[in-house]
Amino acid sequence: GAVVSQHPSWVICKSGTSVKIECRSLDFQATTMFWYRQFPKQSLMLMATSNEGSKATYEQGVEKDKFLINHASLTLSTLTVTSAHPEDSSFYICSARGRAEGLLSYEQYFGPGTRLTVT
Amino acid sequence: SQQGEEDPQALSIQEGENATMNCSYKTSINNLQWYRQNSGRGLVHLILIRSNEREKHSGRLRVTLDTSKKSSSLLITASRAADTASYFCAVTNFNKFYFGSGTKLNVKP
């Protein structure tokens, strides 16, 4: 149990376009989802936290108008990178925390990540 | 910075040897967790230690936590080539995770 998927696993887009990344909890209800960004050979940087049905809380320095997060249901959160630029190229990882039988309430379950390349 | 610090940044050992990685953090924490990441992949949860615990074991993993020094260590005993990966600590503070900079472990067969 506690599987989180991301789609797409990799995407290449042109500069100036927008890209949407989906994060789904497959077998549990994700009350909270987190979005992280990881540069090559670096650690994960928390971008934002989203609770189902409410606006996302962004970390300092993360542009909320550039990285739009929607947590519309208990199993889906989306991250849209608007007007993407080459410096937005990165590995984006989501995680989810939620409720289900046998699920550890304190643990985050991570998706496999999405590699975005902006040309 | 929202990150903790880990050392060493990179560690190369022979199969069968023990690997020790350290993590220091800055804030108060609810718990500390260790994760593993294979290159270009997602994270796998390894072990959690609560702020009121000092040591925890899981298989070949041993984690210690010293809240007075704001530090933790992860020991992998009898390492295997398959343990080659990056290892991150993550501290939980007010329902958010903050990751350390990671240690890249290479276990040579």
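Figured I'd write up the structure that's included with this text. All values derive from a computational prediction rather than experimental measurement. (Residues numbered from 1 in each chain as written. Chains lettered and ligands numbered in written order. Predicted model: local features only at pLDDT ≥ 70, side-chain atom pairs only at ≥ 80, totals over all residues. Heavy atoms only, no water.)

1. Brief notes about the pairing of strand β5 (residues 44-51) of chain A
Residue and element names in this part refer to chain A. The element β5 is largely enclosed, with a buried count of 6 among its 8 residues. Bridge count for strand β4 (residues 29-38) against β5 is 7 bridges, and the pairing is antiparallel. Residue Gln-38 lies in a different strand from β5, and its bridge partner there is Leu-44. Hairpin connection of β4 to β5: 5 residues between the antiparallel strands, including Lys-41 at a positive phi of 60°. The pairing of β5 with strand β6 (residues 57-58) spans 2 bridges and is antiparallel. Across the sheet, residue Ala-48 finds its bridge partner in β6, namely Tyr-58. (Buried < 20%, exposed > 50% of the residue type's maximum accessible area, 1.4 Å probe, protein only. Helix = DSSP H or I, 4+ residues; strand = E, 2+ residues; numbered from the N terminus. Pairing = 2+ DSSP bridges.)

2. Here we look at the interface of chain B and chain A
With 22 residues of chain B at the interface, the matching set in chain A holds 21 residues. Across the chain B to chain A interface the summed buried area is about 1,700 Å²; carbon plus sulfur atoms make up 53%. Linking chain B with chain A are 0 salt bridges. Our enumeration of links across chain B and chain A arrives at 4 residue pairs in polar contact (both at pLDDT 80 or more). Secondary structure elements with two or more residues in the side of chain B that touches chain A: β4 (31-37), β5 (43-50), β9 (85-93) and β10 (96-99) of chain B. (Contact = heavy atoms within 4.5 Å. Buried area = accessible area lost by both parts, 1.4 Å probe. Salt bridge = Lys/Arg side-chain N within 4 Å of Asp/Glu carboxyl O. Polar contact = N/O pair within 3.5 Å; in protein donor to acceptor, adjacent residues only side chain to side chain.)

3. Re the environment of Lys-26 of chain B
Residues and elements named next belong to chain B. Relative to the assigned elements, Lys-26 resides in the loop between β3 (19-24) and β4. With a relative accessible area of 56%, Lys-26 lands in the exposed category. Expressed as a C-alpha distance, the spacing of Lys-26 and Val-91, which sit 65 residues apart in the sequence, is 9.5 Å.

4. With respect to the environment of Ala-19 of chain B
All names here are of chain B. Structurally, Ala-19 is set in strand β3. Taking relative accessible area as the criterion, Ala-19 reaches 0% and is therefore assigned buried. Linking Ala-19 and Leu-61, residues 42 residues apart in sequence, is a C-alpha distance of 9.8 Å. For Ala-19, the residues in contact, after removing those within four places along its chain, are Leu-11, Ile-13, Leu-74, Leu-75, Ile-76 and Leu-105.

5. Overview of the packing of aromatic side chains
Evaluated as defined, the whole model comprises 8 aromatic pairs over all chains. With 5.1 Å between their ring centres and 75° between their planes, Phe-110 of chain A and Tyr-35 of chain B make a pair best called edge-to-face. On the criterion of chain membership, the pair formed by Phe-110 of chain A in strand β10 (residues 109-110) and Tyr-35 of chain B in strand β4 is interchain, its members lying in two chains. Look at Phe-110 of chain A and you get buried, because its relative accessible area is 11%. Tyr-35 of chain B sits in the buried class, given a relative accessible area of 0%. Taking the centre distance of 5.7 Å and the plane angle of 55° together, the rings of Tyr-35 of chain B and Phe-99 of chain B count as tilted. With Tyr-35 of chain B in strand β4 and Phe-99 of chain B in strand β10, this residue pair connects regions lying 64 residues apart in the sequence. (Phe/Tyr/Trp six-rings, centres within 6.5 Å; stacked < 30°, edge-to-face > 60°.)

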